[in-house]
Number of protein chains: 2
Amino acid sequence: MAETNETRQGTNLDPWFNHYASRSAGLSASEVRALFAVASRPEVVSLAGGMPYVRALPESLVNGALEKVMSENGPMAMQYGSGQGVPALREQILEIMALEGISASVDDVVVTTGSQQALDLVTKLFIDPGDVILAEAPSYVGAIGVFRSYQADVVHVLMDENGLIPEKLREAIADVKASGRTIKFLYTIPNFHNPAGVTLSAERRPEILEICQSNGILILEDNPYGLLSFEEDVPPAIRSLNEDGVIYLGSFSKTLAPGFRVGWALAPHAIREKLVLAAEAAILCPSSFSQMVISEYLSQADWKGQIETFRGVYKERRDAMLEALEEHLPDLSWNVPNGGFYIWCSLPENLDSKAMLPRAVTELVAYTPGTAFFADGGGRQNIRLSFCYPTPENIKIGIRRLATVIRGELDLLADFAGTGSLTAAAGDDNVIAPPPDLS
Amino acid sequence: MAETNETRQGTNLDPWFNHYASRSAGLSASEVRALFAVASRPEVVSLAGGMPYVRALPESLVNGALEKVMSENGPMAMQYGSGQGVPALREQILEIMALEGISASVDDVVVTTGSQQALDLVTKLFIDPGDVILAEAPSYVGAIGVFRSYQADVVHVLMDENGLIPEKLREAIADVKASGRTIKFLYTIPNFHNPAGVTLSAERRPEILEICQSNGILILEDNPYGLLSFEEDVPPAIRSLNEDGVIYLGSFSKTLAPGFRVGWALAPHAIREKLVLAAEAAILCPSSFSQMVISEYLSQADWKGQIETFRGVYKERRDAMLEALEEHLPDLSWNVPNGGFYIWCSLPENLDSKAMLPRAVTELVAYTPGTAFFADGGGRQNIRLSFCYPTPENIKIGIRRLATVIRGELDLLADFAGTGSLTAAAGDDNVIAPPPDLS
């Protein structure tokens, strides 16, 4: 066909260039993704990724579960299972959610391939092109990626040290409505936010819920880190305050291990039915094997004790990072997270986190530039530092290297002062106001 | 908000009724899904599902792989991995595909959560609402489900005992083009088709490819059953004839076990890049644990010998089903599959496979009505019988029960002859001509 041949000549690299769906334009490589390759080099101290420290999980606990599953239920573990997930595991998930005040029916739990898949399915179910999703500023890079892949418009809402600011949420809703667009849901990470590290205060939770309820906006509450607190427990989940207006997402990736790819959604009943159909269309069913191993682990191991172990590991690493920041980078500002994996830092004025990254890698330290966590070009003056994976010793080395990089950039900036060249580079595209200082 | 309250009154069961995306209308419970609940009752002989007989896989083979992975690579198996899949497994997948004549680069293999996820991702990547996908008549129920969930129009193309009919493909393409619609790809299962049981002949493969190439149509070649032949090997894959115009899907679900949920796509290079991004948006990465266990199994076990074992099991069951059909249901017509899991039967005139199903369940036998395999209401006079899971003895019992059901329906039909009621029921919606007799 002549048309096709002409098309091919026009796009040498991909003969199918004109065949993709409109939504495929939203698929682009995230900055975090590009970093994975760099961070895997052993000489680089990576403060970039969000990998849990699975070496703190004794292998005997997993081996015990594996042996029991294979000796007692091998054929079932090898077989297709329910699209909604293994019933015994869904019962145990109720016990886990009860720790954050949630009461629910096992019928409304859907097991997914990591909670990332739940994000994907909920977005598929609700988003027509151009629909608005409200999300914190900054927000989880993987959520922004999914939302874009269904052509959603992400509108950011500012946070402070107590999480999402109710007044800013009201303003955002009013602005979007005034523009004639439809808001489908609020995406929020209330506990030990990724990347901002903050937790939504107990006082604000009913207020955020009320604002969404009165505006007919569904809440998508994503809670992978809630059980990883370093001091007191987190406030009750938003889902514990309301059943019909909240889809809650949970995960075993941070409290056990991500390699099994098991997470879940708890959804209002009517939504849950559609969610199961969407899950079946996407993968038929989640892995029976993974689910049964986790279920057996929860039955036979002291899983709450294991979470205590993880808390201790991550608290020690957070402290190491804070200490190193105070020693080597007193000019930066940062928050002090009470749990989770991340510290969110503001760089000195006129530094550009994205432009600085290649230099950091040269100095053998990696971080995630703040721009990865904004759908609108924000975050150039921020970086996310992860303390979850490297040892305390390596965290200190990493922060020391980062200080060298930042000093070098500031020296360069001073050298060029007056020429305007570096500041122009930092300000050359659509930079919104950075999020409030979270320190 | 007043609007929301009114909306809620109008849709008591689901307050979010008006919030779903347009595409969610395409999500409906498949007939196969409803059958899973029925088929799991032990007194029912299920000839309905497509569950492989995993008991034919010695557990020692899987245990050996599990032990090696945990003792040598536990922390890596527990961790996040590459979005594209574990490199060692992708290398082994090349060896498997080489058995069907495929030569490819490890860079172009993407591991997915079962090949169902590959179907989902390819559809997400290419289909805008209203785009046309060509598919055999009948076609895989799970593919039709995915295609609908992205608002594709499925146009069926007739088969005969040598698979897809080239002339019918040309006609379908001309018809769709005349209607002004866009064809995005041809979805085909060339070997031991689900549900039709037939294999695309070696002679037709280059012809089908040429028709698609000259019309600028991508081919999605889905091959879960190709290695499960009972007599001679299948012809070389369509992908072996062309690299840029074919996305090939493979799976470990039928040659090893579905409980790990591991399949793959081999895509033209430019498409592969987008496929990885879509996969990362959907699930971040496939299960490291599942992939490493399968990789270790392929390294240490006689996996080709195990496939021989499966072939023997399924051949014996096919033979048992054919023998029972000849003995108890000589009035039906059916094909004789040379591999795979399924026999496709045509019922005597005026019988309705969907309407007959409740009666069959009462007689403790289940099958899949032909309607599940058509996007357009066809298949009422067909049933799919699976011989993969039940023992030969149970297959014989099941076919005997099915014969009782069919005799009962025919008696009823004779009793009501002249009143027109039963035939009207059978013909009351959009039944297209049944596919050609495949016997």
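None of the values given here were measured: they were computed from a predicted structure.

Caption draft 1: Geometry of the side chain of Gln306 of chain A. With respect to the helices, strands and loops of the structure, Gln306 of chain A is situated in helix α11 (residues 303-328). Non-local contacts of Gln306 of chain A, meaning those with residues more than four positions away in its chain, are made with Ala56, Leu57, Pro58, Leu61 and Tyr297 of chain A.

Caption draft 2: Structural context of the nonpolar core. Phe252, Phe289 and Leu385 of chain A together with Phe252, Phe289 and Leu385 of chain B are the most contacted members of the largest nonpolar core, which has 159 residues in total. For Leu385 of chain A, the residues in contact, after removing those within four places along its chain, are Leu47, Met321, Leu325, Phe341, Tyr342, Ile343, Cys345, Tyr367, Ile399 and Leu402 of chain A. In terms of nonpolar packing, the next biggest core, distinct from the first, is built from 88 residues, Val122 of chain A together with Phe147, Ala265 and Phe374 of chain B among them.

Caption draft 3: Expanded view of the sheet that holds strand β11 (residues 342-346) of chain B. Within the open sheet, the four strands sit side by side as β10-β11-β14-β13 (chain B). Their pairing is antiparallel. Each edge of the open sheet is held by one strand with a lone partner, namely β10 (333-334) and β13 (368-369) of chain B.

Caption draft 4: Structural view of the domain arrangement of chain A. Residues and elements named next belong to chain A. Here the domain parsing of chain A yields domain 1 (20-56 + 306-414) and domain 2 (73-300). Distance from the C-alpha centre of domain 1 to the C-alpha centre of domain 2: 25 Å. The partner domain 2 presents 31 residues to the 32 residues of domain 1 that form the contact. Of the roughly 2800 Å² buried at the junction of domain 1 and domain 2 (both faces included), carbon and sulfur atoms supply 64%. Among the residues domain 1 hides against domain 2, the three largest losses belong to Arg311, Phe373 and Ala375. Together they make up 20% of the total. Linking domain 1 with domain 2 are two salt bridges. Notably, a salt bridge pairs Asp233 with Arg311, separated by 3.6 Å at the nearest N-O pair. Viewed at the interface, domain 2 and domain 1 are joined by 11 residue pairs in polar contact (both at pLDDT 80 or more). Elements represented by at least two residues in the side of domain 1 that touches domain 2 include exactly α11 and β11 (342-346).

Caption draft 5: Just the UniProt feature "domain: Aminotransferase class I/classII large" (unreviewed entry) in chain A, in detail. According to UniProt, the "domain: Aminotransferase class I/classII large" (unreviewed entry) feature falls on residues 71-402 of chain A. Between the first and last C-alpha atoms of residues 71-402 of chain A the distance is 50 Å; the span itself is 42% helix and 17% strand.

Caption draft 6: Layout of the interface of chain A and chain B. At the junction of the two partners, chain A supplies 81 residues and chain B supplies 81 residues. Between chain A and chain B, roughly 7000 Å² of surface is buried when both sides are summed, and carbon and sulfur atoms account for 60% of that area. By the criterion of area lost to chain B, the three top residues of chain A are Trp16, Met78 and Tyr80 of chain A, representing 10% of everything that side buries. At the boundary of chain A with chain B, the tally comes to two salt bridges. Among the ionic pairs, Lys124 of chain B bridges to Asp120 of chain A, the shortest N-O distance being 3.5 Å.

Caption draft 7: Local environment of the environment of Leu410 of chain A. All names here are of chain A. Following the sequence through the fold, Leu410 ends up in helix α13 (residues 392-415). Owing to a relative accessible area of 28%, Leu410 belongs among the partly exposed residues under this scheme. Residues Leu410 and Glu349 lie 61 residues apart in sequence; the distance between their C-alpha atoms is 9.4 Å. Other than its neighbours up to four places away in sequence, Leu410 contacts Pro348 and Leu351.

Caption draft 8: Quick peek at the relation of the copies chain A and chain B. Rotating chain A by 180° and translating it 0.0 Å along the rotation axis places it on chain B, where the RMSD comes to 0.0 Å. Accordingly, the operation relating the two chain copies is best matched by a two-fold axis. Here 100% of the contact residues of chain A are again contact residues in chain B; the copies associate through an equivalent surface.

Caption draft 9: Geometry of the packing of helix α5 (residues 114-126) of chain B against helix α9 (residues 269-283) of chain B. All names here are of chain B. At a minimum axis separation of 10 Å, α5 and α9 run at an interaxial angle of 110°. Our classification of the angle between α5 and α9 gives roughly perpendicular. For the crossing formed where α5 meets α9, the hand is right-handed. Two secondary-structure elements touch here, α5 through Gln117, Leu121, Val122, Leu125 and Phe126 and α9 through Ile271, Lys274, Leu275, Ala278, Ala279, Ala282 and Ile283. Looking at side-chain class alone, the contact of α5 with α9 contains 10 nonpolar, one polar and one charged residues.

Caption draft 10: Layout of unusual backbone geometry. The residue after Ala137 of chain A, namely Pro138 of chain A, is reached through a cis peptide bond having omega 0°. Mapped onto the secondary structure, Pro138 of chain A falls in the loop between β3 (132-137) and α6 (141-149). Notably, Asn350 of chain B is not glycine yet its phi reads approximately 75°, a positive angle. Among the secondary structure elements, Asn350 of chain B is positioned in the loop between β11 and α12 (353-362).

Caption draft 11: Expanded view of the pattern of salt bridges. Per the counting criterion, the structure on display carries 34 salt bridges over all chains. Among the salt bridges present, the one from Arg41 of chain B reaches Glu43 of chain B, with a minimum N-O distance of 3.2 Å. Relative accessible area serves as the criterion here: at 37%, Glu43 of chain B is assigned to the partly exposed category. When the shortest N-O distance is used, the salt bridge between Asp131 of chain B and Lys184 of chain B registers 2.6 Å. Highlighted residues: Asp131 of chain B in the loop between α5 and β3 (132-137) and Lys184 of chain B in strand β6 (residues 183-188), separated in sequence by 53 residues. The same class applies to Asp131 of chain B and to Lys184 of chain B, which are both buried. Salt bridges here are not isolated pairs; linked through shared partners, they connect Glu231, Lys315, Arg318 and Asp319 of chain A.

Caption draft 12: The sheet that holds β3 of chain A, seen in detail. Residues and elements named next belong to chain A. The eight strands are arranged β2-β9-β8-β7-β6-β3-β4-β5 in an open sheet whose pairing can be described as mixed. A single partner strand is all that each edge strand has here, and the edge strands are β2 (109-112) and β5 (163-164). Where helix α4 (residues 87-98) meets the sheet, its contacts fall on β2, β8 (246-251) and β9 (263-266), and the angle it forms with β2 comes to roughly 105°.

Caption draft 13: Geometry of the environment of Pro392 of chain B. All names here are of chain B. Along the chain, Pro392 turns up in helix α13 (residues 392-415). Given the relative accessible area of 12%, Pro392 is considered buried. Expressed as a C-alpha distance, the spacing of Pro392 and Met321, which sit 71 residues apart in the sequence, is 7.4 Å. Every residue in contact with Pro392, bar those within four places of it in the chain, is listed here: Glu316, Arg317 and Ala320.

Caption draft 14: Spatial organisation of the pairing of strand β4 (residues 153-160) of chain A. All names here are of chain A. The buried fraction of β4 amounts to six of the eight residues, a majority that puts the element mostly inside the structure. In the sheet, β3 pairs with β4 via six bridges, with the strands oriented parallel. Note that in β4 the partner of Glu136 across the bridge is Val157. Taken together, β3, α6 and β4 form a β-α-β motif whose crossover is right-handed. For β4 and β5, the ladder comprises two bridges, and the chain directions are antiparallel.

Caption draft 15: Quick peek at the environment of Pro42 of chain B. Looking at where Pro42 of chain B falls in the secondary structure, it is placed in the loop between α2 (31-39) and β1 (45-46). The sequence separation of Pro42 of chain B and Leu364 of chain B amounts to 322 residues, and the corresponding C-alpha distance is 9.5 Å.

Basis of the calculations
Residues numbered from 1 in each chain as written. Chains lettered and ligands numbered in written order. Predicted model: local features only at pLDDT ≥ 70, side-chain atom pairs only at ≥ 80, totals over all residues. Heavy atoms only, no water. Helix = DSSP H or I, 4+ residues; strand = E, 2+ residues; numbered from the N terminus. Contact = heavy atoms within 4.5 Å. Core = buried A, V, L, I, M, F, W, Y, C linked by side-chain atoms within 4.5 Å. Buried < 20%, exposed > 50% of the residue type's maximum accessible area, 1.4 Å probe, protein only. Pairing = 2+ DSSP bridges. Domains from an automatic or database assignment. Buried area = accessible area lost by both parts, 1.4 Å probe. Salt bridge = Lys/Arg side-chain N within 4 Å of Asp/Glu carboxyl O. Polar contact = N/O pair within 3.5 Å; in protein donor to acceptor, adjacent residues only side chain to side chain. UniProt positions renumbered as here; feature names shortened; annotations may be inferred. Least-squares fit on C-alpha atoms with pLDDT ≥ 70 in both. Axes fitted to C-alpha atoms, helices over the stretch in contact; angles between N-to-C directions. Parallel < 35°, antiparallel > 145°, perpendicular 65-115°, else oblique. Left-handed = near helix turned anticlockwise from the far one by under 90°. Nonpolar A, V, L, I, M, F, W, Y, C, P; charged D, E, K, R; others polar. Right-handed = clockwise from strand over helix to strand, strands pointing away.

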